[in-house]
There are 2 protein chains.
Amino acid sequence: MDFDSHGLLIDADAGPGILHRLTGVIAGHGGDIGSVSIIENTAAGARVYFEVTTPAWEAMLEELRALPIVRGLDPVKSMQEIYGKRVIVMGGGAQVGQVAMGAINEADRHNIRGEHISVDTIPLVGEQALADAVRAVPRLPRARALVLAGSLMGGDIETAVREVRLTGLLVISLNMAGSVPDAADLVVSDPLQAGVMAVMAIADTAKFTLGRLHRRVF
Amino acid sequence: MDFDSHGLLIDADAGPGILHRLTGVIAGHGGDIGSVSIIENTAAGARVYFEVTTPAWEAMLEELRALPIVRGLDPVKSMQEIYGKRVIVMGGGAQVGQVAMGAINEADRHNIRGEHISVDTIPLVGEQALADAVRAVPRLPRARALVLAGSLMGGDIETAVREVRLTGLLVISLNMAGSVPDAADLVVSDPLQAGVMAVMAIADTAKFTLGRLHRRVF
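Residues numbered from 1 in each chain as written. Chains lettered and ligands numbered in written order. Predicted model: local features only at pLDDT ≥ 70, side-chain atom pairs only at ≥ 80, totals over all residues. Heavy atoms only, no water.

Student: In this structure, what is going on with the overall build of chain A? I would like to understand it.
Tutor: Counting its secondary structure elements, chain A contains eight helices and nine strands. The C-alpha extent of chain A, read off along each of the three principal axes, is 60 × 35 × 25 Å. A burial count over chain A gives 55% of its 218 residues as buried. For chain A, contacts bridging at least 24 residues in sequence account for 73% of all contacts bridging at least 6. Surface exposure of chain A reaches about 9000 Å², of which carbon and sulfur atoms provide 51%. Averaging the coordinates of the 19 positive side-chain charges in chain A and doing the same for the 25 negative ones gives two points 5 Å apart. (Helix = DSSP H or I, 4+ residues; strand = E, 2+ residues; numbered from the N terminus. Buried < 20%, exposed > 50% of the residue type's maximum accessible area, 1.4 Å probe, protein only. Contact = heavy atoms within 4.5 Å. Areas by Shrake-Rupley, 256 points an atom, 1.4 Å probe, with all protein chains shown as cover. Lys, Arg positive; Asp, Glu negative; His and termini not counted. Charge placed at Lys NZ, Arg CZ, Asp CG, Glu CD.)

Structural data, given as structure tokens:
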């Protein structure tokens, strides 16, 4: 049986072990925690955001509310409901900007029809910085596609691309020098189109399936 | 005494309560958890990413490694080290794209000099969707500035802007119809410049301080 993921903001007393106490109650109600952010943690108090799926939402809230360390509870919309799936774009500033333009434009068209797609970018140079950033994408919540936007990428970036594809992440590369295009799911020459295709590939409102394409380079 | 925040990937057995067990060990070593992402959680196993600051990093790793549920530990660079501070841009697709262009270009110039600034965007329409998204920005890890990019924003979006500014978030608004510009820290007419200014305002490598500006509207 599937349950929806809920967002929950908790204001609590300060101190170490707060997270341990809260996750104990959540686990006791069969709660499946998707993510946790510690928004504030000062001597004055802590504010923690959870995304939780549980068959016993109301009972869990009641027990959390009864904890002496808990000052307040605020159920909120989850990040999935608000910001949705993420396309990550990284590489040289000039190309990242153009890919972002295409992706944002296309996400706008889908979001108007009820989708929730974000386009998140970082301009970065250097083999190690880019390889680190590629390897970190699966740790970004809700990341579904990665676009590598540059003129030359290879070496350890290629290795990182092959690793993250194994986690199910879709990787699109601009048509560029270096070995990264060989390792990507899809290679696109025009940066605007690369951004548009990345969004189409992850949008439920789009009829576009990579597996049905007859070529891999555009 | 300040300690650096470390990234840590943990592969563990599947099952409820995993997070409770892991956070117990971390708390026992005075670990201050900045964020947690559950990357994978299937019947086959769980993969959890922590950002932790602790005075007893090595001892903590050792005790975590000794837990029967832990299959592997992998210290990694933290998201702060890789993706750094975030500028969030939201609103209509046309304007969000232009603000992103300016911000990505400016972030490129700072990141080349050692900064780490990401530019994250979502095209969104509708008062409630935007107000929800504005209120959620403080729950986004590492978010430092928000740019509202549209032609008309007011009502509950204005209220949300006033709320998030109280958390220390910098809010820049395009010069637009509606009451949102009245509530923002800074109002900029040109979307490219709005993106550039947002990045300059949060970059340690830039000499630009909002508090020293003699006007609030550009």
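Student: Is there a simple way to explain the environment of V52 of chain A in this structure?
Tutor: Residues and elements named next belong to chain A. Of note, V52 is situated in strand 3 (residues 45–53). Taking the relative accessible area as the measure of exposure, V52 reaches 0% and is therefore buried. Spatially, the C-alpha atom of V52 lies 7.7 Å from that of L8, the residues being 44 residues apart in sequence. Non-local contacts of V52, meaning those with residues more than four positions away in its chain, are made with D4, S5, H6, I26, G31, D32, I33 and M60.

Student: I would appreciate a short explanation of helix 8 (residues 191–202) of chain A in the present structure.
Tutor: Because each turn of an α-helix spans 3.6 residues, side chains separated by three or four positions end up pointing in the same direction. All names here are of chain A. Its twelve residues give helix 8 an end-to-end C-alpha distance of 17 Å, which sits within 8% of 16 Å, the value for a rise of 1.5 Å per residue. If you check which residues of helix 8 are buried, you get P191, A194, G195, M197, A198, V199 and I202. Tucked inside the fold, the buried residues of helix 8 contact strand 5 (85–91), helix 4 (93–111), strand 6 (117–123), strand 7 (143–149), strand 8 (170–174) and strand 9 (186–188). With a side-chain oxygen lying 3.3 Å from the backbone nitrogen of L192, the N-terminal cap of helix 8 falls on D190. (Expected span 1.5 Å × (residues − 1). Polar contact = N/O pair within 3.5 Å; in protein donor to acceptor, adjacent residues only side chain to side chain.)

Student: Explain the interface of chain B and chain A here, please?
Tutor: Many authors give the size of an interface as the accessible area that is lost as the parts come together. Between chain B and chain A, the contact holds 53 residues from the first and 54 residues from the second. Here chain B and chain A share an interface that buries about 4400 Å² over both sides, 62% of which is from carbon and sulfur atoms. Ranking the residues of chain B by area buried against chain A places Y83, I104 and R139 of chain B at the top, with a combined share of 17%. The interface formed by chain B and chain A includes two salt bridges. Between K77 of chain A and D132 of chain B there is a salt bridge, with the nearest N and O atoms lying 2.8 Å from each other. Scanning the region where chain B abuts chain A turns up 24 residue pairs in polar contact (both at pLDDT 80 or more). For the side of chain B that touches chain A, the elements supplying multiple residues, two or more each, are helix 1 (18–28), strand 2 (32–42), helix 3 (79–82), strand 5 (85–91), helix 4 (93–111), strand 6 (117–123) and helix 5 (127–136) of chain B. Ranked by the residues each element gives to the side of chain B that touches chain A, the list is headed by helix 4 of chain B, at ten residues. A per-class count over the side of chain B that touches chain A returns 30 nonpolar, 15 polar and eight charged. (Buried area = accessible area lost by both parts, 1.4 Å probe. Salt bridge = Lys/Arg side-chain N within 4 Å of Asp/Glu carboxyl O. Nonpolar A, V, L, I, M, F, W, Y, C, P; charged D, E, K, R; others polar.)

Student: In this structure, what is going on with helix 2 (residues 57–66) of chain B? I would like to understand it.
Tutor: Residues and elements named next belong to chain B. Buried within helix 2 we find W57, M60, L61 and L64. One side of helix 2 holds all its buried residues, which, seen down the axis, span an arc of 100°. Seen from the buried face of helix 2, the exposed residues on the opposite side, beyond 90 degrees, are E58, E62 and A66. For helix 2, the secondary structure elements touched by its buried residues are strand 1 (6–12), helix 1, strand 3 (45–53) and strand 4 (70–76). (Arc of directions from axis to C-beta.)

Student: What am I meant to see in the nonpolar core here?
Tutor: As a rule of thumb, soluble globular proteins bury nonpolar side chains together. Membership of the largest hydrophobic core comes to 112 residues, with the highest contact counts inside it found for Y83, M90 and L148 of chain A together with Y83, M90 and L148 of chain B. If you look at the next biggest cluster of nonpolar residues, it comprises 44 residues, including L22 and M60 of chain A together with I26 and I69 of chain B. (Core = buried A, V, L, I, M, F, W, Y, C linked by side-chain atoms within 4.5 Å.)

Student: Just to check I follow, could you spell out the sheet that holds strand 3 of chain B for this structure?
Tutor: Strand pairing within a sheet occurs via backbone hydrogen bonds; the two strands may be parallel or antiparallel. One open sheet accounts for eight strands, arranged 4(A)-1(A)-3(A)-2(A)-2(B)-3(B)-1(B)-4(B); its pairing is antiparallel. Two strands close off the open sheet at either side, each with one partner strand: strand 4 (70–76) of chain A together with strand 4 of chain B. On average, each strand axis in the sheet is tilted by 15° relative to the strand beside it, whichever way the strands run. One ladder, built from three bridges, connects strand 2 (residues 32–42) of chain A with strand 2 of chain B; its direction is antiparallel. Bridge pairing links S35 of chain A to S37 of chain B in strand 2 of chain B. Docked against the sheet, helix 1 of chain B engages strand 2 of chain A together with strand 1, strand 2, strand 3 and strand 4 of chain B, running at close to 30° with respect to strand 3 of chain B. (Pairing = 2+ DSSP bridges. Axes fitted to C-alpha atoms, helices over the stretch in contact; angles between N-to-C directions.)

Student: Whenever I open this one, the side chain of D108 of chain B confuses me. Can you help?
Tutor: With respect to the element layout, D108 of chain B can be found in helix 4. The contacts of D108 of chain B, once residues within four sequence positions are left out, are G92, G93 and P123 of chain A.

Student: Even after reading the chapter, I still don't get the side chain of S37 of chain A, so can you show me in this structure?
Tutor: Looking at the element boundaries, S37 of chain A is found in strand 2. When neighbours within four sequence positions are excluded, S37 of chain A is seen to be in contact with R47, V48 and Y49 of chain A together with G34, R139 and P141 of chain B.

Student: Help me out: how do you make sense of the environment of R215 of chain A in this one?
Tutor: Residue and element names in this part refer to chain A. Here R215 is to be found in the segment after helix 8. Since its relative accessible area comes to 52%, R215 is described here as exposed. For the pair R215 and L186, spaced 29 residues apart in the sequence, the C-alpha separation amounts to 8.6 Å. Separated by 3.2 Å, the side chain of R215 and the backbone oxygen of V217 make a polar contact.

Student: How do you make sense of the packing of aromatic side chains when you look at a structure like this?
Tutor: The way to describe two aromatic rings as a pair is by their centre distance and the angle between their planes. Per the counting criterion, the structure on display carries zero aromatic pairs over all chains. Positioned over the ring face of Y49 of chain B is R139 of chain A, at 4.3 Å from the centre of the ring. (Phe/Tyr/Trp six-rings, centres within 6.5 Å; stacked < 30°, edge-to-face > 60°. Lys NZ or Arg CZ within 6 Å of the ring centre and 35° of its normal.)

Student: How should I be thinking about the relation of the copies chain B and chain A in this particular structure?
Tutor: Each of the two copies of the chain can be brought onto the other by a rotation about an axis and a shift along it. Rotating chain B by 180° about the axis while translating it 0.0 Å along that axis superimposes it on chain A, leaving an RMSD of 0.0 Å. Viewed as a symmetry operation, the transformation between the two copies matches a two-fold axis. Identified as the residue of chain B closest to the rotation axis by C-alpha distance is D120 of chain B, at 2.0 Å. Same-surface contact between copies: 100% of interface residues of chain B are shared with the interface of chain A. (Least-squares fit on C-alpha atoms with pLDDT ≥ 70 in both.)

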